[in-house]
Amino acid sequence: MTATVGQQAQAAARASDVWKVYGSGEAQVIALRGVSAEFERGRFTAIMGPSGSGKSTLMHCLAGLDSVTRGTVMIGDTTVTGLGDAGLTKLRRDKVGFIFQQFNLLPTLTAQENILLPLSIAGRKPDPAWYDTVIDTVGLRERLGHRPAQLSGGQQQRVACARALVARPEVIFADEPTGNLDSRSGAEVLNFLRNSVREHGQTIVMVTHDPTAAAYADRVVFLADGQIVSELIEPTADTVLDTMKKLDAPAEVGN
Amino acid sequence: MFRATLKSLLARKLRLLLSGLAVVLGVMFVSGAFVLTDTLGRSFDAVFSDAFSEVDVNVAAKPKVALSEVEGEQVATPVPASVVDRVKAVPGVTDVQGVVNADGARLIGSNGKVVTSFGPPQLGENWLGESDLLKLREGRAPQADDEIVVNVALADAAKVKVGDRVGVLTLAPKKEFTLVGVFGYSGGRDSVGGVNEVAFTTPVAQQLMLGKPDVFSNVTAQAADGTTPEALRDDVARALGTDYEVKTGKQLADDASASLKEGLSFFNKILLGFAAVALLVGTFLILNTFSIIVAQRTRELALMRAIGASGRQIIGSVVLEAVAVGLIASVLGLAAGIGVGALLAYLFGKLAGGLTLAGLGVPPAAIIGAFAVGTVITVVAALLPALRASRIPPIAAMQDVATPDRPLTKVTVGGSVVTAIGAGLLFLGLGGHAGDNTLATILGGVLFAFIGVALLTPLISRPVVALLGSIFAWSVPGKLGRLNSGRNPRRTAITAAALMVGIALVTGVTVILDSAKGSISALAEDTIKAELVISGAQTGPRPASFDPAVLEKAAAIPGVRLVDGEYGDMATMNGERTWVAVSSDVAALERIFGAKANAGDISRLNPDQMLVSSDTAESRKLSVGSTVTVQLSRGEAHTYTVSGIYESSQLTNPVVLPPQAAADFAIPQPIQGFVQLAPGTSVAAVQPQIERLLADSPEVSVADRAAFIKQQTSQLDTPLRMIQILLALAIVIAVLGIINTLALSVLERTRELGLLRAIGLRRAQTMRMITVEAVVISIFGALLGVVVGTGLGAAVVRALKDEGITDLVLPWSQMVTFLVLAAIIGVVAAVLPAIRAARINVLGAIAHD
């Protein structure tokens, strides 16, 4: 099944017939079986699925972190498949941002330094207006001089979000961004992600297994057993939960 | 990026400091060596320019045999007294003096022993009166032939005072004099550069120090007002012709100090050699530290990659850290080196008898060397970990990538290749196939062998560590410690390899020197057929000698069958330098030293005949009947005919001249005496009689053969001790390495240690676990070192077979000592990391992240 929503020209990221196979022989695991999907520009897409469904693998392949066994992946108009290390580095620098479950901030740097790290790695100066906008949106202006250890989990994740946003990448990949947060902090972060899509046209692809989190997205793509099995537009927590329940009973979806 | 690197560096400063310490020590040696040689060099300059400040022009004859500082004291050819008058006739001179000044005036102290020197000469000279530089401190000038004055430092060392009767050994046997005065130098100095001086009246000085009347060592003159020393030098040279060397005082000072500096540069090279060892060990340590740091920062580095850092930037950031560590270590090392250089210069000055040190000098070479070596070594060591860091995939930021146990195949193959290259180089170097590059080839071989073995170590470490560890496996902490030490074979291996280098070098050197000792004593016991030996310990450049009259008197003792006195000198033979010897009784060659005739007759020598060893005959292309011109330190050249060739052995000299030649030797007195007794004569009966004969030759004593052999071979003990002490530094650095590795491992396992504590491991047990790990690693390193060192030593010993080192002696007790020492090192190294591990906050550790 292929998820085709929106116009092709506007796709920020696209997977075409992507296969991912780990190992060989007896130990062979097929993580993705011919997934094709498009993620439109300026939208917030969630990828959902039970454990082992291949949702994280799909995201890693989309982001160029993992190679695909077959098929092609594109980010904007760049074909990710087949890029060398230099090309992938440039891609990550210019077109992709990440938000991790574990926040992954450098403990030795202040919040501000962490936010500006991708730009300083690339040797670029931040756009001051956009930087101010980002800082105000995440609401961390008072905490910029603090180190990660002095911030709460929610604050750390907001720093991580700001870090991803400040470089204005083509697409931000978020890997269970609320997995390590309590529900209130999680809601803050999700609101903030949704706002950045609505107000600033940012494209976000988020992997999650939490229906409440998925409900913040504009669209949810469901994976099971390495294939896209369903999708929802304008989801609510309830509709997501319903779909998930169906997926948990594979017999019903099988056909 | 730059800032991120620096910040992460600061966060780990303690860890890096520890590994930087190895670089600090290496750099300290490098800069210390340069500071020492510079300071001493300038001190010598000052001493000599001062000593020659009252000489404008000096006239000397060319030496008969030119020697370098390393080869011994050169004997000046005497200048006839008539030269003094010829110089006086040159217009523009004033104050012309004939000077007697030669090494070898040995004062006998109040304890009956000769005052020894550890380097500076013991000058015997004629008293030339006081000057601006030299002043009598007490008493008066020598007037009668049995009166002398000495410098204050010598009088103090001999514990003699004005009015005492004192004995002096010169070219002649002991003579008694009355000490009538002591003198010192301007500025309150008791000696110049530690030199001991005995001043006689001129005729006595000529006879005792130069061997004949009416000659001088050199003639000095001052330039009259209006004449420059250079102009006067040229005038004097013209007046005297080409037989004499005429120099200005400044030239003399430069020459004298240049020859001493030659000796210093040798010393410098030794220090730099030890610096190289320290830095080699340091390289292992840095490599390990950076590897561990990179491993611990995997997630962080992956994050950098994920947010856009290129592989090159990651390499750059690790290298930048290395540069920073290297720079800081260089600065600290330079500071420590200046301190060490100053300390050594001070000790050297003391030992040399009060050398006045010029101001401490830090030459540019010390600074450049310090920074180049410190930074380059650190960066080179960090390159491999940096490369590994750049290969961390960005995806490692998202998941807990279990670092897979990378196969050791590559490293093992590489190690085998490098070891083979090292072995090949060693074979070439030791086999004498490398020509002029022998030393470089051997050193290269040793270096390659070390690196090769270090690369093979991970493979070896598995079984060996498992075996070693099983000794401790009787308790749970012991078992855990053993498992931990086998957990990361590479890390264990590099840590152990660092210890290996130091221990291998010490073991190797010990094997070589012990084998040399063993071979020499075996040979001596087998071949020397003398029951009693007269000899003295050599403390300075000049060997001890004794009155030749003792030989005849000893031969007259009932029961003595044969007495031989051995003389030696550096001479030129057909223009090439060689060591020549005289046996007072040529028959001793066969009857005492067991020499075998290859050609001709070696049992007797006419005054115009000489004997050569088979090696000398071969290298100089000599056969019986060849004629050879020999120039000794004194006298005229003499032509000898080769009358016999004996088989070379460890105990034979290259050339034996007839007894008459000994009079022209630099030291015309026997250095060793061998006494063979008739069968049935008791050694105990003869020994005291010879002792009595030696009463006036306090430099030597008589000993039975076993004691003599022991005394001879024990001369090798001093260099052995020195090398061991200096190499101990390499071991100290390795200990730092063990501490560092453990500290980092503890940090890495915080969570695991917390868990162990949470399920009931006591503090003491935690500490024991860490200690077992340290002990296993260090014993493993020591074991490797002993094995590798024995291999290297055995290879060298084998290569030296032709040089007479025939027995391979393995220092078993030393090896066991090293292993025990290693166990202690392990325990010591574990103290701090173990305390740290025991203090881990249980809750914090398991709740963390």
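Rules used throughout
- Numbering of residues starts from 1 in each chain and follows the order in which that chain's sequence is written.
- Following the order in which they are written, the chains are lettered starting with A and the ligands numbered starting with 1.
- Per-residue local features are limited, in this predicted model, to residues with pLDDT of at least 70; the limit for side-chain atom pairs, both in listing and counting, is 80 or more; totals at the level of whole chains, interfaces and linings are taken over all residues.
- The basis for the side-chain values is all heavy atoms of the structure; hydrogens and waters are excluded.
- Segments assigned H or I by DSSP are reported as helices when at least four residues long, segments assigned E as strands when at least two residues long, and all are numbered from the N terminus.
- Relative accessibility under 20% of the residue-type maximum defines a buried residue, over 50% an exposed one, and the middle range a partly exposed one, all with a 1.4 Å probe and only protein chains included.
- Shrake-Rupley sampling with a 1.4 Å probe provides the accessible areas, and residues are treated as covered by the protein chains on show and by no other component.
- Positive charges are assigned to Lys and Arg, negative charges to Asp and Glu, while His and the chain termini are left out of the count.
- Throughout, a charge is located at the NZ atom of Lys, the CZ atom of Arg, the CG atom of Asp or the CD atom of Glu.
- Each residue carries a pLDDT score, the predictor's confidence in it, ranging from 0 to 100.
- Here a cavity denotes grid points, spaced 1 Å and computed from the protein atoms alone, that fit a 1.4 Å probe unable to get out, and a pocket denotes an open set having protein on both sides within 12 Å along at least 5 of 7 lines; residues with an atom within 4 Å of a point are the lining.
- Grid points are joined across faces, edges and corners, and a volume is the space filled by probe spheres set on the points.
- Three classes are used, and their members are as follows: Ala, Val, Leu, Ile, Met, Phe, Trp, Tyr, Cys and Pro are nonpolar, Asp, Glu, Lys and Arg are charged, and the others, Gly among them, are polar.
- Here is the rule: rings of Phe, Tyr and Trp (six-membered ring for Trp) pair when centre to centre is within 6.5 Å. Planes less than 30 degrees apart are stacked, more than 60 are edge-to-face, and the remainder are tilted.
- Definition of nonpolar core: a set of buried residues of the types Ala, Val, Leu, Ile, Met, Phe, Trp, Tyr and Cys, connected through side-chain atoms within 4.5 Å.
- By definition, residues are in contact when any of their heavy atoms lie within 4.5 Å.
- Strands are treated as partners if at least two bridges between them are detected by DSSP.
- In this analysis, axes come from line fits to C-alpha atoms, helices being fitted only over the stretch in contact, and the angle between any two N-to-C directions falls in the range 0 to 180 degrees.
- A side-chain nitrogen of Lys or Arg and a carboxyl oxygen of Asp or Glu constitute a salt bridge if their distance falls within 4 Å.
- Two N or O atoms count as a polar contact when they lie within 3.5 Å, although within protein this holds only if one can serve as hydrogen donor and the other as acceptor, and sequence-adjacent residues are included solely when both atoms are side-chain atoms.
- Residue ranges for the domains originate in an automatic or database domain assignment.
- What counts as buried area is the accessible surface, traced by a 1.4 Å probe, that two parts surrender upon association, with contributions from both included.
- Note on patches: the residues involved have over 30% relative accessible area and no salt bridge, like charges join within 9 Å, and the nonpolar side chains Val, Leu, Ile, Met, Phe, Trp and Tyr join within 5 Å.

### Some words on the overall build of chain B
A tally of regular secondary structure across chain B gives 24 helices and 24 strands. In chain B, which comprises 849 residues, the proportion classed as buried is 52%. For chain B, the computed accessible surface area is about 36,000 Å², with 62% contributed by carbon and sulfur atoms. Where the 69 positive side-chain charges of chain B centre and where its 69 negative ones centre are 18 Å apart.

### Side note on the confidence of the model for chain B
Taken over all residues, the pLDDT of chain B has a mean of 84, while the share at 70 or more is 95%. When pLDDT is averaged over each helix and strand of chain B, the minimum, 66, is found for helix α24 (residues 842-847) of chain B and the maximum, 94, for strand β8 (residues 147-151) of chain B.

### Brief notes about empty space enclosed by the protein
Across all of its chains, the model carries two cavities of 30 Å³ or more by this definition. Its boundaries defined by the atoms lining it, the largest cavity holds a volume of some 70 Å³. In this structure, the largest cavity is lined by Arg92, Arg93, Val96, Gly97, Phe98, Pro118, Arg163, Ala164 and Ala167 of chain A together with Ile307 of chain B. Every element with two or more residues in the lining of the largest cavity is listed here: α2 (85-94), β6 (96-99) and α5 (153-166) of chain A. A per-element tally of the lining of the largest cavity places β6 of chain A first, with three residues. Tallied by class, the residues present in the lining of the largest cavity amount to six nonpolar, one polar and three charged. Volume-wise, the second largest cavity comes out at about 30 Å³. For the second largest cavity, the full set of lining residues is Arg106, Leu169, Pro173, Lys174, Ser545, Phe546, Asp547, Gln669, Ser697 and Glu699 of chain B. Residue composition of the lining of the second largest cavity, grouped by class: three nonpolar, three polar and four charged.

### As for the packing of aromatic side chains
The geometry of an aromatic ring pair comes down to the distance between the two centres and the angle between the two planes. Residue and element names in this part refer to chain B. A complete count under the given rule lists seven aromatic pairs over all chains for this structure. Aromatic pair Phe183 and Tyr185: ring centres 6.2 Å apart, planes at 75°, arrangement edge-to-face. Tyr185 matches Phe183 in its accessibility class, with the two residues each being buried. Considering the side-chain rings of Phe674 and Phe708, the 5.8 Å spacing of their centres and the 90° angle between planes classify their relative orientation as edge-to-face. Taken together, the positions of Phe674 in strand β23 (residues 672-677) and Phe708 in helix α19 (residues 705-713) put the pair 34 residues apart, joining distant regions of the chain.

### Quick word on the nonpolar core
Judged by nonpolar contacts, the single largest core of 84 residues is most densely connected at Phe284, Phe450 and Val501 of chain B. When residues in this core are grouped by element, the largest group, 15 residues, is from helix α22 (residues 763-799) of chain B. Every residue in contact with Phe450 of chain B, bar those within four places of it in the chain, is listed here: Leu280, Met500, Val501, Ala504, Leu505, Val788 and Leu792 of chain B. Ala15 of chain A together with Ile314, Ala389 and Ile392 of chain B belong to the second largest nonpolar core, which has 69 residues in total.

### Some thoughts on the sheet that holds strand β2 (residues 29-40) of chain A
Residue and element names in this part refer to chain A. With respect to topology, four strands assemble into an open sheet ordered β2-β1-β4-β5, the strand pairing being antiparallel. Every interior strand has two partners, whereas the edge strands, β2 and β5 (78-79), have only one. Pairing between strand β4 (residues 70-75) and β5: two bridges, direction antiparallel. Within the sheet, the bridge partner assigned to Met74 lies in β5 and is Thr79. Against the sheet, helix α1 (residues 55-62) contacts β1 (11-22), β2 and β4, and its axis sits at roughly 60° relative to β2.

### Description of the sheet that holds strand β13 (residues 218-223) of chain B
All names here are of chain B. The strand order across the open sheet built from four strands is β3-β13-β1-β14, with neighbouring strands paired in antiparallel fashion. Of all the strands in the sheet, the pair left with one neighbour each is β3 (93-99) and β14 (244-248). Pairs of neighbouring strands in the sheet enclose a mean axial angle of 20°, with direction left out of account. Examined bridge by bridge, β3 and β13 share five bridges and lie antiparallel to one another.

### Examining the interface of chain A and chain B
With 25 residues of chain A at the interface, the matching set in chain B holds 24 residues. Where chain A meets chain B, there are one salt bridge. Our count for the chain A to chain B interface comes out at seven residue pairs in polar contact (both at pLDDT 80 or more). Of all the elements in the fold, those that place two or more residues in the side of chain A that touches chain B are α1, α2 and α3 (111-122) of chain A. Take the side of chain A that touches chain B: its biggest share by element is five residues, from α3 of chain A.

### So, the domain arrangement of chain B
All names here are of chain B. Annotation of chain B at the domain level lists domain 1 (56-260), domain 2 (415-527 + 715-849) and domain 3 (546-696). For domain 2 and domain 3, the distance between their C-alpha centroids amounts to 49 Å. Taken residue by residue, the interface counts five residues in domain 2 and five residues in domain 3. Across the interface of domain 2 and domain 3, roughly 420 Å² is buried in total on both sides, 63% from carbon and sulfur atoms. Considering only the side of domain 2, the residues that lose the most area to domain 3 are Ile520, Leu523 and Thr527, jointly responsible for 73% of the buried surface there. Joining domain 2 to domain 3, the criterion identifies zero salt bridges. Across the domain 2-domain 3 interface, the total number found is zero residue pairs in polar contact (both at pLDDT 80 or more). Split by residue class, the side of domain 2 that touches domain 3 holds two nonpolar, two polar and one charged.

### Observations regarding the environment of Leu843 of chain B
All names here are of chain B. Considering the arrangement of structural elements, one finds Leu843 in helix α24. Judged by relative accessible area, Leu843 falls into the exposed class, the value being 63%. Spatially, the C-alpha atoms of Leu843 and Val83 are 96 Å apart, while their sequence positions differ by 760 residues.

### A word on unusual backbone geometry
Backbone geometry at Asp225 of chain A places phi at a positive 55°, although glycine is not the residue there. Look at Asp225 of chain A and you get exposed, because its relative accessible area is 54%. Located in the positive-phi region is Asn574 of chain B, a residue other than glycine, with phi close to 45°. When you line up the elements, Asn574 of chain B lands in the loop between β16 (560-573) and β17 (576-583).

### Re the side chain of Gln669 of chain B
All names here are of chain B. Looking at the element boundaries, Gln669 is found in the loop between β22 (655-657) and β23. Of the residues examined, Gln669 reaches a relative accessible area of 4% and is grouped as buried. Of the polar contacts made by the side chain of Gln669, one reaches the backbone oxygen of Leu171; its length is 2.9 Å.

### A short note on a negative patch on the surface
Where like charges cluster on the molecular surface, the negative patch consists of Asp615, Glu618, Glu647, Asp802 and Glu803 of chain B. With respect to the helices, strands and loops of the structure, Glu803 of chain B is situated in the loop between α22 and α23 (812-838).

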